[in-house]
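# Observations on chain architecture
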Amino acid sequence: MDTAYPREDPGAPTPRKADGAAHTALRLEVPRPAPPRDHLIWSLFSTLYLNLCCFGFLALAHSIKARDQKVAGDLEAARRLGSRAKCYNILAAMWTLVPPLLLLALVVTGALHLSRLAKGSTAFFSTKFDDSADYD
């Protein structure tokens, strides 16, 4: 048994072009589109931590459906469901993060307003009234 490499027949003629020059062939392929994203990890995080108004749960359901469609081979449905999952994840994040920030801004502006009112009212309380004046 012959285990030597290369395994070509040494007596076979090598293919050459008529002009003797070596040619290189390039295979041109159409680039395939990237597989659709299902955003499953983000949806899981949204379900566990950002589930105000159940947007996190909706994102998780659409992510799982997108993954199922991707496995089944329906890439267009997977892309559509993945896009919906992304939208629900963004909504879940906005509904969870914006109200506390808005409340913080209202508290800060309210505190500033009250401090200005307190500075203006100290002049009122520091004035001395004349007891001899007649208030008829």
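Residues numbered from 1 in each chain as written. Predicted model: local features only at pLDDT ≥ 70, side-chain atom pairs only at ≥ 80, totals over all residues. Heavy atoms only, no water.

The name an unreviewed UniProt entry gives the protein chain is Interferon-induced transmembrane protein 5, with Orycteropus afer afer as the organism. Recorded under Subcellular location (unreviewed entry), the UniProt text for the protein chain is reproduced unchanged: "Membrane". In the Sequence similarities (unreviewed entry) part of its UniProt record, the protein chain is described as follows: "Belongs to the CD225/Dispanin family." (UniProt positions renumbered as here; feature names shortened; annotations may be inferred.)

### Focus on helix H1 (residues 40–49)
All of the buried residues in H1 are Leu40, Ser43, Ser46 and Thr47. Down the axis, H1 shows its buried residues gathered within 120 degrees of arc, on one side only. Facing away from the buried surface of H1 by more than 90 degrees, the exposed residues are Ile41, Leu48 and Tyr49. (Buried < 20%, exposed > 50% of the residue type's maximum accessible area, 1.4 Å probe, protein only. Helix = DSSP H or I, 4+ residues; strand = E, 2+ residues; numbered from the N terminus. Arc of directions from axis to C-beta.)

### Points about the side chain of threonine 47
Considering the arrangement of structural elements, one finds threonine 47 in helix H1. Looking at threonine 47, the relative accessible area reads 18%, which means it is buried. A polar contact is formed between the side chain of threonine 47 and the backbone oxygen of serine 43, at a distance of 2.8 Å. (Polar contact = N/O pair within 3.5 Å; in protein donor to acceptor, adjacent residues only side chain to side chain.)

### Concerning unusual backbone geometry
Despite not being glycine, histidine 39 shows a phi value in the positive range, around 55 degrees. For histidine 39, the position within the fold is in the segment before H1. Take histidine 39: its relative accessible area is 15%, and that puts it in the buried class. For cysteine 54, which is not a glycine, the phi torsion comes out positive at approximately 60 degrees.

### Remarks on the packing of aromatic side chains
Applying the stated criterion across every chain, the model contains three aromatic pairs. Judged by centre distance (6.2 Å) and plane angle (20 degrees), the rings of phenylalanine 55 and tyrosine 88 are stacked. Of this pair, phenylalanine 55 sits in helix H2 (residues 55–72) while tyrosine 88 sits in helix H3 (residues 75–126); the two residues are 33 residues apart in sequence, bridging distant segments of the chain. Overall, the relative accessible area of 15% leaves phenylalanine 55 in the buried class. According to the relative accessible area criterion, tyrosine 88 is partly exposed, its value standing at 24%. (Phe/Tyr/Trp six-rings, centres within 6.5 Å; stacked < 30°, edge-to-face > 60°.)

### Quick word on a nonpolar patch on the surface
A grouping of Trp42, Leu44, Phe45, Leu48, Tyr49, Ile90, Met94, Val98, Leu102 and Leu106 is seen on the molecular surface, where their side chains present a nonpolar patch of about 1,000 Å² in accessible area. Elements that contribute at least two residues to the nonpolar patch include exactly H1 and H3. Residue position: tyrosine 49 is located in helix H1. (Patch = residues over 30% accessible without salt bridge, like charges linked within 9 Å, V, L, I, M, F, W, Y side chains within 5 Å. Areas by Shrake-Rupley, 256 points an atom, 1.4 Å probe, with all protein chains shown as cover. Salt bridge = Lys/Arg side-chain N within 4 Å of Asp/Glu carboxyl O.)

### A word on the pattern of salt bridges
Applying the stated criterion to the full structure yields three salt bridges. Measuring nitrogen to oxygen at the nearest pair gives 2.4 Å for the salt bridge that ties glutamate 29 to arginine 27. Assigned by exposure class, glutamate 29 and arginine 27 land together as exposed. In this structure, the salt-bridge partner of arginine 67 is aspartate 38, at a minimum N-O distance of 2.5 Å. Taken together, the residues span a long stretch of sequence, with arginine 67 in helix H2 and aspartate 38 in the segment before H1 at a distance of 29 residues. Given the relative accessible area of 38%, arginine 67 is considered partly exposed. The exposure class assigned to aspartate 38 is buried, which follows from its relative accessible area of 9%.

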